Amino acid sequence: MSRIVKERLPQLDLFRAFAIFCVIQVHSSSFAAAEQALNSPIFYFYNWMNIFFKVGTPSFIFLSSFVLFYNYFDQPVNGALVRRFYKKRLTYIILPYILVSCCYYIVLAHERGILRSTPILEQLQTLGFKLLTGTAYTHLYFVFISIQFYILFPLLLWLFQSFRKHKVLLALILPLGLALQWGFVFLNKYQLHLPNKGSYALSYMAYYMMGAAFAIYFEQIKGWLKTDWKEMSKCYKLYTVALWSSWLIIAFVHVQLWYSYRLGLSRPNTFWFELLWNVHTLFSAIVLMKAAFIIHRKAPAFWVKLFTRMGEISFAIYLFHPVVLLYYRKIRNHIYLPGESLRYLPFIVGGSLCALIISWIFVQFCFKRLPFASLFLGSVPASLRKKKSPTGKNSDHNQPAQANM
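Cut-offs and rules
Residues numbered from 1 in each chain as written. Predicted model: local features only at pLDDT ≥ 70, side-chain atom pairs only at ≥ 80, totals over all residues. Heavy atoms only, no water. Axes fitted to C-alpha atoms, helices over the stretch in contact; angles between N-to-C directions. Helix = DSSP H or I, 4+ residues; strand = E, 2+ residues; numbered from the N terminus. Parallel < 35°, antiparallel > 145°, perpendicular 65-115°, else oblique. Left-handed = near helix turned anticlockwise from the far one by under 90°. Contact = heavy atoms within 4.5 Å. Salt bridge = Lys/Arg side-chain N within 4 Å of Asp/Glu carboxyl O. Buried < 20%, exposed > 50% of the residue type's maximum accessible area, 1.4 Å probe, protein only. Expected span 1.5 Å × (residues − 1). Bend = angle between axes of the 7 residues up to and from the residue. Polar contact = N/O pair within 3.5 Å; in protein donor to acceptor, adjacent residues only side chain to side chain. Core = buried A, V, L, I, M, F, W, Y, C linked by side-chain atoms within 4.5 Å. pLDDT = per-residue confidence, 0-100. Nonpolar A, V, L, I, M, F, W, Y, C, P; charged D, E, K, R; others polar. Patch = residues over 30% accessible without salt bridge, like charges linked within 9 Å, V, L, I, M, F, W, Y side chains within 5 Å. Areas by Shrake-Rupley, 256 points an atom, 1.4 Å probe, with all protein chains shown as cover. Phe/Tyr/Trp six-rings, centres within 6.5 Å; stacked < 30°, edge-to-face > 60°. Lys NZ or Arg CZ within 6 Å of the ring centre and 35° of its normal. Arc of directions from axis to C-beta.

Caption draft 1: Up close: the packing of helix α1 (residues 11-36) against helix α2 (residues 43-52). Where α1 meets α2, the closest approach of the two axes is 8 Å, and the angle between their N-to-C directions is 140°. Our classification of the angle between α1 and α2 gives oblique. For the pair α1 and α2, the sense of crossing is left-handed. Mapping the contact onto sequence places Q25, V26, S28, S29, S30, A32 and A33 in α1 and F43, Y46, N47, M49 and N50 in α2.

Caption draft 2: Region of the structure containing the pattern of salt bridges. Summed over the entire model, instances satisfying the criterion amount to eleven salt bridges. We note a salt bridge from K298 to D228, for which the minimum N-O separation is 3.4 Å. Here the residue K298 occupies a position in helix α12 (residues 270-298), and D228 occupies one in the loop between α10 (218-226) and α11 (234-262), the gap between them amounting to 70 residues. Here D228 falls in the buried class, since its relative accessible area comes to 19%. Salt bridges sharing partners connect three or more residues here, namely E7, E219, K222 and K226.

Caption draft 3: Main features of helix α4 (residues 79-111). Here α4 contains 33 residues, and its C-alpha end-to-end distance of 46 Å stays within 8% of the 48 Å for a straight helix at 1.5 Å per residue. Its axis deflected by about 45° at L90, α4 carries its strongest bend there. If you follow the buried residues of α4, they end up packed against α3 (56-72), α5 (120-133), α6 (141-161), α14 (314-328) and α16 (373-377). Put simply, N78 is the residue that caps the front of α4, since its side-chain oxygen is 3.2 Å from the backbone nitrogen of A80. G113, located one to two residues past α4, shows a positive phi value of around 75°.

Caption draft 4: A look at the nonpolar core. Counting residues in each nonpolar core, the largest one holds 107 residues, and the members touching the most others are F66, F69, F160, Y208 and M289. Among the elements that make up this core, the one with the highest residue count is α12 (twelve residues). Counting residues in each nonpolar core, the second largest holds nine residues, with A37, M49, L337 and F347 among its members.

Caption draft 5: The arrangement of the side chain of N47 in detail. Within the secondary structure layout, N47 lies in helix α2. Among the residues examined, N47 registers a relative accessible area of 0% and is labelled buried. Ignoring anything within four residues of it in the chain, the contact list for N47 reads A33, V255, W258, Y259 and R262.

Caption draft 6: View of the confidence of the model for the protein chain. Residues with a pLDDT of 70 or more make up 94% of the protein chain, whose mean pLDDT is 90. Note on residues 389-405: pLDDT under 50 across the span, and 37 contacts to partners over four residues away in sequence or across chains.

Caption draft 7: Summary view of the packing of helix α13 (residues 301-312) against helix α15 (residues 344-369). Orientation of α13 relative to α15, taken along the N-to-C sense of each, is 70°, at an axis distance of 11 Å. Between α13 and α15, the angle is such that the two are roughly perpendicular. Only L356, W360 and Q364 of α15 make contact with α13, whose side of the interface consists of L306, R309 and M310. Residues belonging to the contact of α13 with α15 are distributed by class as follows: four nonpolar, one polar and one charged.

Caption draft 8: Structural context of a nonpolar patch on the surface. Together, Y44, F45, W48, I249, F252, V253, V349, L353, I357 and I361 make up a nonpolar patch on the protein surface, roughly 890 Å² of accessible area in all. When residues of the nonpolar patch are traced back to their parent elements, those giving at least two are α2, α11 and α15. At four residues, α15 tops the list of elements feeding residues into the nonpolar patch.

Caption draft 9: Summary view of the packing of aromatic side chains. According to the stated counting rule, one finds 50 aromatic pairs in the structure shown. Look at F60 and F142: their rings are 5.9 Å apart centre to centre, the planes differ by 40°, and that puts the pair in the tilted class. Of the two residues, F60 sits in helix α3 while F142 sits in helix α6, which places them 82 residues apart along the sequence. Across the pair, exposure class does not vary: F60 and F142 are buried alike. The ring of Y190 has K189 sitting right over it, with the charged end atom 5.9 Å from the ring centre. If you follow K189 out to its NZ or CZ, it ends over the ring of F271, 5.1 Å from the centre.

Caption draft 10: Up close: the environment of L159. Among the secondary structure elements, L159 is positioned in helix α6. Residue L159 is classed as partly exposed on the basis of its relative accessible area, which comes to 29%. Along the sequence, L159 and L170 sit eleven residues apart, while their C-alpha atoms lie 9.9 Å from each other.

Caption draft 11: Quick peek at α5. Along its 14 residues, α5 runs 20 Å from first to last C-alpha, staying within 8% of the 20 Å computed at 1.5 Å per residue. Within α5, burial applies to Q123, L127 and T133. Buried residues of α5, seen end-on, are gathered within an arc of 135° and therefore sit on one face of the element. Structural note: α5 exposes L121, L124, Q125, F129 and L132 on the side pointing more than 90 degrees away from its buried face. Turning to α5, the residues buried within the fold contact α4 and α6. Looking at the residues trailing α5, positive phi occurs at G134, about 70°.

Set out below in structure tokens:
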């Protein structure tokens with residue numbers, strides 16, 4: 001059976017751009033919101049920046065699942081598909097994860113002064129544990145849980161394909177994801193007590209399953225995504241208003257919950273944090289998808305091109321940007337900059353800009369100039385590959401854009 005070529009969706013690169021922007025805002029504001037600026041008169045802004053944008057990683061998870069099911073759902077699950085699937089993940093996800101984890105371990109060991117003082121065997125054991133738990137650096141859990149999902153993906157693909165004749169079962173994909181995720185939440189709270197719950201794919205099953213459902217029902221959904229407001233039916237308009245309104249309300253309540261907690265004004269049950277984060281991020285993934293289609297259709301070509309490039313290299317930016325923040329924050333050690341000072345605000349905003357811009361310049365340079373860049377940063381976007389001869393011998397101009405997030 002020949003492979004079915006699906007319609008390419010350039011809007012997904014815009015989605016990736018929005019998601020990586022959100023990730024960087026959260027990481028840039030983490031210390032300010034959690035401890036350093038609690039007494040600042042503008043603490044609400046730091047808390048808002050840290051919580052409102054706490055949707056980037058779940059959105060990436062949703063998109064990863066969407067891309068996989070969108071590309072593979074109409075293909076038969078056989079040995080050739082499984083081999084092709086795992087070869088790509090091994091080359092462009094797992095290998096970069098291992099190499100980047102090693103780099104982060106070396107950087108942190110050097111910063112903490114244990115690189116030379118600790119026996120090599122002990123360090124290798126520690127590194128091995130961190131590789132197996134996604135804890136070599138705080139952001140690498142995302143790649144680790146993605147690998148867990150890749151292990152399950154062929155089985156889930158076969159299972160959902162077998163549901164084709166049973167539409168009711170297909171409609172239960174998202175409820176199934178919610179049940180698995182919340183079952184794990186309750187199990188961990190009362191039985192397992194895992195300290196790094198977020199390093200397990202079960203913590204994100206609702207996002208994986210919603211991505212699968214969006215891909216399977218995309219023919220029905222894309223009409224809403226591609227339709228302008230003026231051309232929408234009353235039903236579509238009602239759904240759209242309900243979505244955006246609910247998203248904003250939930251986001252505001254989520255921000256308020258953390259604001260009150262961080263200032264010691266309340267001590268809510270941990271389930272409230274879990275619930276509001278879950279609803280906020282699920283709605284955000286849908287909102288970002290709709291926004292990507294609107295901006296791709298309406299925005300000036302310059303901005304579409306800019307966001308597209310940002311999205312194409314978003315995985316590489318994700319891997320690298322914590323290095324920028326690590327060394328940027330050292331500036332504070334050399335100047336008097338208390339968290340309650342208004343001067344602290346441009347420092348935080350500057351960190352966000354540096355993390356994005358420096359990472360963007362660095363990874364784009366690597367993709368263009370270093371032949372081994374993909375080993376550390378994932379697949380090279382088609383737009384950054386070297387132009388090759390028109391004879392076809394080296395031509396890869398029509399290669400699809402990166403779809404590994």
